[in-house]
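Listed here are the chains, written in short residue letters.
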Amino acid sequence: MKASEVLRAEKRPQAFDGWAEGEPGPDGQPERVCAAGCLWPKWMMLPGDKWVPDFVNELPILYPEIKWDGIIHCQVCFALAVGVEEQIFHLNDEHRWTFGEIADWLETFEVEVVDATH
Ligand SMILES: [Zn+2]
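Every chain's residues receive numbers from 1 upward, in the order its sequence appears when written. Restriction of local features to residues with pLDDT of at least 70 applies here, the model being predicted, together with a cutoff of 80 or more for giving and counting side-chain atom pairs; totals for whole chains, interfaces and linings are based on all residues.

### So, the overall build of the chain
In plain terms, the rule: Every helix listed is a DSSP run of H or I at least four residues long, and every strand listed is a run of E at least two residues long, numbered separately from the N terminus. Atoms considered for the radius of gyration are the C-alpha atoms alone. The globule rule reads 2.2 Å times the number of residues to the power 0.38. Partly exposed residues are those falling between the two cut-offs: more than 12 but fewer than 20 other C-beta atoms within 10 Å of their own, whereas 20 or more means buried and 12 or fewer means exposed, with C-beta atoms placed from the backbone. The contact criterion used here is simple: two residues whose C-beta atoms, placed from the backbone, lie within 7 Å are in contact.
For the chain, the helix and strand inventory stands at 4 helices and 6 strands. The N-to-C order of helical and strand elements in the chain reads α-β-β-β-β-α-β-β-α-α. For the chain, the C-alpha radius of gyration of 14 Å lies close to 13 Å, the compact-globule estimate for 118 residues. Based on the C-alpha atoms only, the size of the chain along its principal axes is roughly 40 × 35 × 20 Å. With 118 residues in all, the chain has 24% of them scored as buried. Considering only residue pairs separated by 6 or more positions, the chain has 42% of its internal contacts joining residues 24 or more positions apart.

In structure tokens, the structure reads:
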């Protein structure tokens with residue numbers, strides 16, 4: 001799935017000011033995730049009940065259709081962000097955009113990917 005599709009399919013409540021929160025659900029994954037947090041398919045809970053994503057898979061590897069690099073001006077407050085990932089956190093935490101709103105915005109960074117498996 002594309003990153004924008006993952007965001008639109010996310011059913012968990014949205015977390016703010018943190019990637020992931022809450023007790024592990026039946027699938028062992030966090031109860032609540034922020035817009036960046038839901039892009040990681042797998043999370044682990046560290047001692048102290050702190051969630052960390054599975055960093056073996058970096059976002060550019062998981063979602064090669066996104067042009068992740070570059071300087072981005074926030075369209076709401078004109079703040080600068082370095083890269084798409086930083087801006088996802090910003091839209092989630094500072095402007096409280098929904099998963100769907102961030103998905104619409106994220107689509108503007110999608111580029112054609114040559115898929116050699118098809
Ligand atoms: Zn902003």
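On we go from here.
### Overview of helix α3 (residues 84-93)
To be explicit about the condition: Starting at the helix axis, one direction is taken to each C-beta atom, and the arc is that of these directions.
Considered for burial, the residues of α3 that qualify are Val84, Gln87, Ile88, Leu91 and Asn92. For α3, the buried positions fall inside an angular range of 135° around the axis, keeping them on one side. Buried-residue contacts for α3 involve β5 (71-73), β6 (80-82) and α4 (99-107).

### Describing the environment of Val33
Structurally, Val33 can be placed in strand β2 (residues 30-33). Spatially, the C-alpha atom of Val33 lies 19 Å from that of Pro47, the residues being 14 residues apart in sequence. Residues in contact with Val33, not counting those within four places in the same chain, are Arg12, Ala15, Trp19, Ala20 and Cys38.

### Comments concerning the pairing of β2
Put simply, the rule is: For two strands to count as paired, DSSP must find a minimum of two bridges between them.
Two strands pair when backbone bridges link them, and strand β1 (residues 20-24) and β2 are joined in this way by 3 bridges, in the antiparallel orientation. Bridging from a neighbouring strand, Ala20 pairs with Val33 of β2. Connecting the antiparallel pair β1 and β2 is a turn made up of 5 residues, with Gly28 showing a positive phi of about 80°.

### Observations regarding the nonpolar core
If you look at soluble globular proteins, the nonpolar side chains tend to sit buried side by side. We count it as follows: Definition of nonpolar core: a set of buried Ala, Val, Leu, Ile, Met, Phe, Trp, Tyr and Cys residues joined via C-beta atoms within 7 Å.
The biggest cluster of nonpolar side chains holds 22 residues, and the ones touching the most others in it are Leu7, Ala35 and Ile102. Among the elements of the structure, α1 (3-9), α3 and α4 are those that each provide at least two residues to this core. Among all residues touching Ile102, those that are not within four sequence positions of it are Leu7, Ala35, Ile88, Leu91, Asn92 and Trp97.

### Quick look at α4
By the burial criterion, the buried members of α4 are Phe99, Ile102, Ala103 and Leu106. Projected down its long axis, α4 carries its buried residues within an arc of 105°, all on one side. Elements that come into contact with the buried residues of α4 comprise α1 and α3.

### What about the pairing of strand β3 (residues 43-46)?
Examined bridge by bridge, β3 and strand β4 (residues 50-53) share 4 bridges and lie antiparallel to one another. Note that in β4 the partner of Trp43 across the bridge is Pro53. Between β3 and β4, which follow one another and run antiparallel, lie 3 residues, and Gly48 among them has a positive phi close to 90°.

### Some remarks on unusual backbone geometry
The phi angle at Phe78 is positive, at roughly 65°, despite the residue not being glycine. Owing to 7 C-beta atoms within 10 Å, Phe78 belongs among the exposed residues under this scheme. Here Arg96, not a glycine, exhibits a phi torsion of approximately 55°, which is positive. Within the fold, Arg96 resides in the loop between α3 and α4. Among the residues examined, Arg96 registers 10 C-beta atoms within 10 Å and is labelled exposed.

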